[in-house]
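Survey of secondary and tertiary structure
Take a look at the letters that make up each chain.
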Amino acid sequence: MNIREIKALIKLMQGTDVRELELVRDKNKVRITRDVASPPVSDSRRAMAVETEQDKQKNYKTVTSPMVGTFYLATSPDASPFVEEGSVIKKGQIICIVEAMKLMNDIEAEFDGRIVSILVGNAQPVEFGEPLFLIEPL
């Protein structure tokens, strides 16, 4: 089993209620678990975001993850989120955190805009370059 296959398994788990997956192939064993702190983004919500992006693709910008890690919308489970869908953001404003190797990395807005869609559920694993937000520039 190579890293590409493992990444495919992780992507397969995203957007589902699956919390644990174990795969045994020959002498290799892979076990993927995740803590579902908040409900995953529903498929219908993802589909709506994709349709909206297709309708107005030239007007929206995508914010992607700068690293592999865990996506967080707030500093702690009981804290208010940095942003919500519909939030107006300013350049330099923190919009999320990506935890990588126990380091919390603030992700800042690169331009003024309005959050059209949050594409990843809170506390979900993300890959380098994975879309996190759909933003309408203002």
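Read on for an overview of the structure.

About the thresholds
Residues numbered from 1 in each chain as written. Predicted model: local features only at pLDDT ≥ 70, side-chain atom pairs only at ≥ 80, totals over all residues. Heavy atoms only, no water. Salt bridge = Lys/Arg side-chain N within 4 Å of Asp/Glu carboxyl O. Helix = DSSP H or I, 4+ residues; strand = E, 2+ residues; numbered from the N terminus. Buried < 20%, exposed > 50% of the residue type's maximum accessible area, 1.4 Å probe, protein only. Contact = heavy atoms within 4.5 Å. Pairing = 2+ DSSP bridges. Phe/Tyr/Trp six-rings, centres within 6.5 Å; stacked < 30°, edge-to-face > 60°. Lys NZ or Arg CZ within 6 Å of the ring centre and 35° of its normal. Axes fitted to C-alpha atoms, helices over the stretch in contact; angles between N-to-C directions.

This paragraph deals with the pattern of salt bridges. Taken as a whole and judged by the stated rule, the model has 1 salt bridge. The partner of R114 in a salt bridge is E136, with the nearest N and O atoms 2.7 Å apart. Separated by 22 residues along the polypeptide, R114 in strand β8 (residues 113–118) and E136 in strand β10 (residues 131–137) bring together distant segments of the chain. Judged by relative accessible area, which is 28%, R114 ranks as partly exposed.

What follows is about the environment of E99. You can see E99 is positioned in strand β6 (residues 94–100). A relative accessible area of 18% means that E99 is categorised as buried. Expressed as a C-alpha distance, the spacing of E99 and Y72, which sit 27 residues apart in the sequence, is 7.7 Å. Beyond its immediate chain neighbours, meaning those up to four positions away, E99 contacts V68, G69, T70, Y72 and M104.

Where strand β3 (residues 61–64) lies against β10, 4 bridges are found, and the strand directions are antiparallel. Among the inter-strand pairings, T62 is bridged to a residue of β10, identified as L134. Here β8 runs beside β10; their pairing, made up of 5 bridges, is antiparallel. Each residue of the ladder has a partner; that of S117, found in β10, is L134.

Time to look at the sheet that holds strand β5 (residues 88–89). One open sheet accounts for 4 strands, arranged β3-β10-β8-β5; its pairing is antiparallel. The open sheet has two edge strands with one neighbour each: β3 and β5.

So, on to the packing of aromatic side chains. When we look at a pair of aromatic rings, we describe it by the centre distance and by the angle of the planes. Scanning the entire structure with this criterion turns up 1 aromatic pair. Positioned over the ring face of F111 is K61, at 4.6 Å from the centre of the ring.

It is worth spelling out unusual backbone geometry at this point. Residues other than glycine seldom take positive phi values, yet K102 does so here, at roughly 70°. Summarising the element assignment, K102 is placed in the loop between β6 and β7 (103–108). Relative accessible area serves as the criterion here: at 74%, K102 is assigned to the exposed category. Phi at A123 is positive, roughly 65°, even though this residue is not glycine. Its location among the elements puts A123 in the loop between β8 and β9 (124–126).

Working definition: the strands of a sheet are paired by backbone hydrogen bonds and lie parallel or antiparallel to each other. Ordered in space as β7-β6-β4-β9, the 4 strands form an open sheet in which the pairing is antiparallel. In this open sheet, the two edge strands, each paired with only one partner strand, are β7 and β9. Shown here is a sheet whose adjacent strand axes are inclined to one another by a mean of 35°, direction ignored. Pairing of strand β4 (residues 69–72) with β9 involves 3 bridges; the strand directions are antiparallel. Looking across to β9, one finds that G69 is bridged to V126.

The values reported here are purely geometric and, on their own, carry no functional implication.
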